[in-house]
Amino acid sequence: MSGGFTGNFSSSRRNGIRVVVAGDRGTGKSSLIVAAATESFSDNVPSSRTKRNEELKRADAVVLTYACDQPMTLTRLCNYWLPELRQLEVKVPVIVVGCKLDLRDEREPISIEQLMSPIMQEFREIETCIECSAATLIQVPEVFYYAQRAVLHPTTPLFDQEKQTLQPRCISALRRIFILCDHDMDGALSDAELNEFQIKCFNAPLQPAEIVGVKRVVQEKQPGGVNQLGLTLTGFLFLHALFIEKGRLETTWAVLRKFGYDDDLKLRDDILPVPSKHAPDQTMELTSEAVEFLKGIFRLFDTDNDGNLKPSELDELFCTAPDRPWNEAPYEDAAERTALGNLSLNGFLSEWALMTLLDPVRSLANLMYIGYSGDPASVLQVNRRRIKDRKVQNTERNVFQCFVFGPKSAGKSTILNSLLERPFSKSHITAPTSERFAVNVVNRVGQGNKTLILREIPEDGVKKFLTNKEFLAPCDVAVFVYDSSFLSPLVLAKFTPERHLYVCVGSSDEYSSKKSQELLVEVARQGEESGYGVPCLLIAAKDDLDPYPMAIQDSMKICRELGIEAPISVSVKSGFLNNIFTRIVDVAEKPHLNIPETENGRNRKYHQQLISRSLMCMSVGAAAAVFGLAIYRVYAARKNTSS
């Protein structure tokens, strides 16, 4: 039989720590808990299996028990309990406790270190092993002290027990702290800087003799840890590794938490002042102050002054961050890069613009990781609502998001690639199964530069996206791409209920044109119903091939009916882009124009205007009646006075 018990223990950082005690029946779980709670022993405590798995999943720490006088219970820990925790994905510190120490055969020569060492090698989640006796109250309080300590000051985020080195994230966090404390930026912490660091973290200064002692210890073990200027980064990291090896994890955790880190060694949300309340049609972008800081950082890490950041330089730039933010979708392939994978200043700023739009908290955190020391509240700005922009007929935004719709093989991906100035290649033409982003700075002669973000919407995902009434809210422009060329016939096969096969011959470009128009109408309808109507453009792609006349006529007709600009012809293959990206930005800057209007939308607007006029007439009539009544009363009063 097996069971589990829980207990809550308060701490300075949490309202409580949830410790779950689990193990085989008869291993001393219940007696251990009672002894810890009452400092007395009972051998008649009922066990419980109720909601065991749920309790384990809610635990902050797990105490697994075995009986010192029953070796098989220890085997069960290895064969059942520890694998069970992994199966349940319980990723919390584990304390292994040998209960009934008073009953262990004293003739057994093996120590707990010898007994547990191979087990701890296999199960790295084990934080501590200890033996105790509830009957004699030996080391009972220590069990829960270690459980609390494992939660408040966990080893795993800081130290790799197998490699006996600091974890990469720990190194990144300590490196950032070192840089922040190195005020004169000479690569070493002077005595004064060390003392200031000590006061900040522990509210107590270091005596001169203590500073000398610290340096001596470092210099003996790590010669490069101290130089004539003070304690180097190597020495700073060595000291913290030494603290951890000596069991003083609370020292390193105190430093990390003083500088705003959580248990995952990321900056806590409470020190990241990101505006949380804004309307769906408002977006965020970096302030000019933040952009200027990033330009300076770019120049600082462009060590060879070639105007690009190599992957190694980018890694060095983000070495104080817990993760490299652009090594995964949607950022890894979203900005312009050189043939060698280097990032230009425009590409660098574009990545930041995309991250700020999609994940402003992450953007702010990474700015702080790489050294931004100004007021965090001055990093992000919330743009004015797009509905307001439409009313005042202009926008103050510097970053525009454009949704790119269209059927498969219409040319959406090639347009995204051309924004990144990639040469046309058929190998790049793949039908994406998920969203894809491309972002770059659009340079406009005589006008301010803007950042354009293209978001490719897969054909298969449109229906799902449009079920969200706020889907179009953050969109500044929507473009609809179709294949305007005359290609080989498209054969469509269809089975009737009678299992007869009908073959319809059409053209792939005809389908492309009609599908794009359907998407345009659907988006226009969604915009009217949700109130988030967006300017729209129709793009006729593959203009270098023979045109399909019917597609041209149909697209012109739909544009006239909806009241938007005529289709824009482009050919990425021949390099004829027809200034498409500047034109998209121009449309975005005039948010009141090019918004498609369906017939239902026009009728709705007409009826609203009639209602408004009727209400106005009623208001005017009521005002006239009131005015007339007032005049009559004045006249009547004068008449009475004269008589």
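The model shown is predicted, which means the values in this text are computed figures rather than measured ones. (Residues numbered from 1 in each chain as written. Predicted model: local features only at pLDDT ≥ 70, side-chain atom pairs only at ≥ 80, totals over all residues. Heavy atoms only, no water.)

## A word on the overall build of the protein chain
The helix and strand tally for the protein chain stands at 21 helices and 22 strands. Put simply, the protein chain has 643 residues, and 45% of those count as buried. Considering only intrachain contacts with a sequence separation of at least 6, the fraction spanning at least 24 residues in the protein chain is 69%. (Helix = DSSP H or I, 4+ residues; strand = E, 2+ residues; numbered from the N terminus. Buried < 20%, exposed > 50% of the residue type's maximum accessible area, 1.4 Å probe, protein only. Contact = heavy atoms within 4.5 Å.)

## Some thoughts on the sheet that holds strand E15 (residues 399–405)
Adjacent strands of a sheet form backbone hydrogen bonds with each other and so pair up, either parallel or antiparallel. Pairing in this open sheet of six strands is mixed, and the strands run E16-E17-E15-E18-E21-E22 from one edge to the other. Looking along the sheet, the strands with just one partner apiece sit at the ends: strand E16 (436–442) and strand E22 (568–569). Judged from the six bridges that link them, E15 and strand E17 (residues 450–456) form a sheet pairing that is parallel. In the strand pairing of E17, Cys402 is matched with Leu454. (Pairing = 2+ DSSP bridges.)

## Some words on the pairing of E17
In terms of residue burial, E17 counts as a mostly covered element, since seven of its seven residues are buried. Of the two faces of E17, the one lined by Lys450, Leu452, Leu454 and Glu456 and the one lined by Thr451, Ile453 and Arg455 are each fully buried. Where E16 and E17 come together, seven bridges link them in antiparallel fashion. Residue Val441 lies in a different strand from E17, and its bridge partner there is Thr451.

## Things to note about the packing of aromatic side chains
Applying the stated criterion across every chain yields a total of 15 aromatic pairs. Measuring from centroid to centroid gives 5.3 Å for Phe293 and Tyr372, while their planes differ by 80°, and the two rings are edge-to-face. Taken together, the positions of Phe293 in helix H11 (residues 288–301) and Tyr372 in the loop between helix H14 (360–369) and strand E14 (380–382) put the pair 79 residues apart, joining distant regions of the chain. Judged on exposure class, the residue Phe293 and its partner Tyr372 are both buried. Between Phe348 and Trp352, the ring centres sit 6.3 Å apart and the planes meet at 75°, which makes this aromatic pair edge-to-face. With Phe348 and Trp352 both in helix H13 (residues 345–358), this residue pair falls four residues apart, about one helical turn. What links up through ring pairs into an aromatic cluster is the set Phe298, Phe318, Trp326, Phe348 and Trp352. The side chain of Arg76 reaches across the aromatic face of Tyr80, ending 4.5 Å from its centre. Residue placement shows Lys200 over the ring face of Phe259; its charged tip is 5.0 Å from the ring centre. (Phe/Tyr/Trp six-rings, centres within 6.5 Å; stacked < 30°, edge-to-face > 60°. Lys NZ or Arg CZ within 6 Å of the ring centre and 35° of its normal.)

## So, the side chain of Thr320
Checked against the element boundaries, Thr320 lands in the loop between helix H12 (311–317) and strand E13 (343–344). Judged by relative accessible area, which is 5%, Thr320 ranks as buried. A distance of 2.6 Å separates a polar atom in the side chain of Thr320 from the backbone oxygen of Tyr369. Those residues in contact with Thr320 that sit more than four places away from it in its chain are Ser172, Arg175, Arg176, Ile179, Tyr261, Tyr369 and Ile370. (Polar contact = N/O pair within 3.5 Å; in protein donor to acceptor, adjacent residues only side chain to side chain.)

## A word on the packing of H11 against H13
Where H11 meets H13, the axes come as close as 11 Å, and the angle between the chain directions of the two elements is 135°. Relative to H13, the element H11 lies oblique. The chirality of how H11 crosses H13 is right-handed. Here Val291, Leu294, Lys295, Ile297 and Phe298 of H11 lie close against H13, whose contacting residues are Leu345, Phe348, Leu349 and Trp352. (Axes fitted to C-alpha atoms, helices over the stretch in contact; angles between N-to-C directions. Parallel < 35°, antiparallel > 145°, perpendicular 65-115°, else oblique. Left-handed = near helix turned anticlockwise from the far one by under 90°.)

## A word on the confidence of the model for the protein chain
Averaged over the protein chain, the pLDDT score is 86; the fraction of residues at 70 or greater is 84%. Low confidence marks residues 1–6, where pLDDT is under 50. Its contacts with residues over four positions away, or in another chain, come to 34 contacts. Low confidence marks residues 41–47, where pLDDT is under 50. Its contacts with residues over four positions away, or in another chain, come to 13 contacts. (pLDDT = per-residue confidence, 0-100.)

## Topic: the nonpolar core
Core analysis: the largest hydrophobic core is formed by 73 residues, its most contacted members being Ile177, Phe348 and Trp352. If we skip the residues at most four places from it in the chain, Ile177 touches Phe197, Phe236, Val255, Leu256, Phe259 and Tyr261. Formed by 27 residues, the second largest nonpolar core is a distinct cluster that contains Cys402, Val442, Leu452 and Val587. (Core = buried A, V, L, I, M, F, W, Y, C linked by side-chain atoms within 4.5 Å.)

## Describing the UniProt feature "domain: EF-hand" (unreviewed entry) in the protein chain
Within this numbering scheme, the UniProt entry marks residues 289–324 as carrying the feature "domain: EF-hand" (unreviewed entry). In this annotation, residues 289–324 is assigned 56% helix and 6% strand; the end-to-end C-alpha distance for the span is 23 Å. (UniProt positions renumbered as here; feature names shortened; annotations may be inferred.)

## A few points about unusual backbone geometry
Here the bond from Ala329 into Pro330 is cis, since omega is 5°, no more than 30 degrees from zero. Summarising the element assignment, Pro330 is placed in the loop between H12 and E13. The phi torsion at Met185 lies on the positive side, around 55°, for a residue other than glycine. One can find Met185 in the loop between helix H6 (168–181) and strand E8 (188–189). Its relative accessible area of 72% is what places Met185 among the exposed residues. Its identity is not glycine, yet Asn203 carries a phi of approximately 55°, on the positive side.

## Regarding helix H9 (residues 233–245)
Residue pairs spaced three or four apart in an α-helix point in one direction, given the helix's 3.6 residues per turn. Taking 1.5 Å of rise per residue, 13 residues should cover 18 Å, and H9 covers 18 Å from first to last C-alpha, within 8% of that figure. Gly235, Phe236, Leu237, Phe238, Leu239, His240, Ala241, Phe243 and Ile244 are the residues of H9 that are buried. A positive phi of about 85° marks Gly247, the residue just after H9. (Expected span 1.5 Å × (residues − 1).)

## Describing the side chain of Ser350
One can find Ser350 in helix H13. Ser350 gets classed as buried once you look at its relative accessible area, which sits at 0%. In this view, Ser350 contacts Val439, Asn440 and Val441; residues no more than four positions away in its chain are not counted.

## Regarding the packing of H6 against H9
Where H6 contacts H9, the two axes come as close as 10 Å, and the packing angle between them is 130°. With respect to each other, H6 and H9 are oriented oblique. Judged by the sense of rotation from one axis to the other, the crossing of H6 with H9 is right-handed. When H6 is examined against H9, the residues Ile171, Leu174, Arg175, Ile177 and Phe178 are found in contact with a partner set consisting of Leu233, Phe236, Leu237 and His240. Taken together, the residues that form the contact of H6 with H9 break down as seven nonpolar, one polar and one charged. (Nonpolar A, V, L, I, M, F, W, Y, C, P; charged D, E, K, R; others polar.)

## Quick look at the sheet that holds E8
Strand order in the open sheet made by the three strands is E8-E10-E9, with antiparallel pairing throughout. Each end of this open sheet is capped by a strand with a single partner; those strands are E8 and strand E9 (226–227). Two elements, E8 and strand E10 (residues 230–232), share two bridges in a ladder whose sense is antiparallel. When the bridges of E10 are listed, Ala188 appears paired with Thr232.

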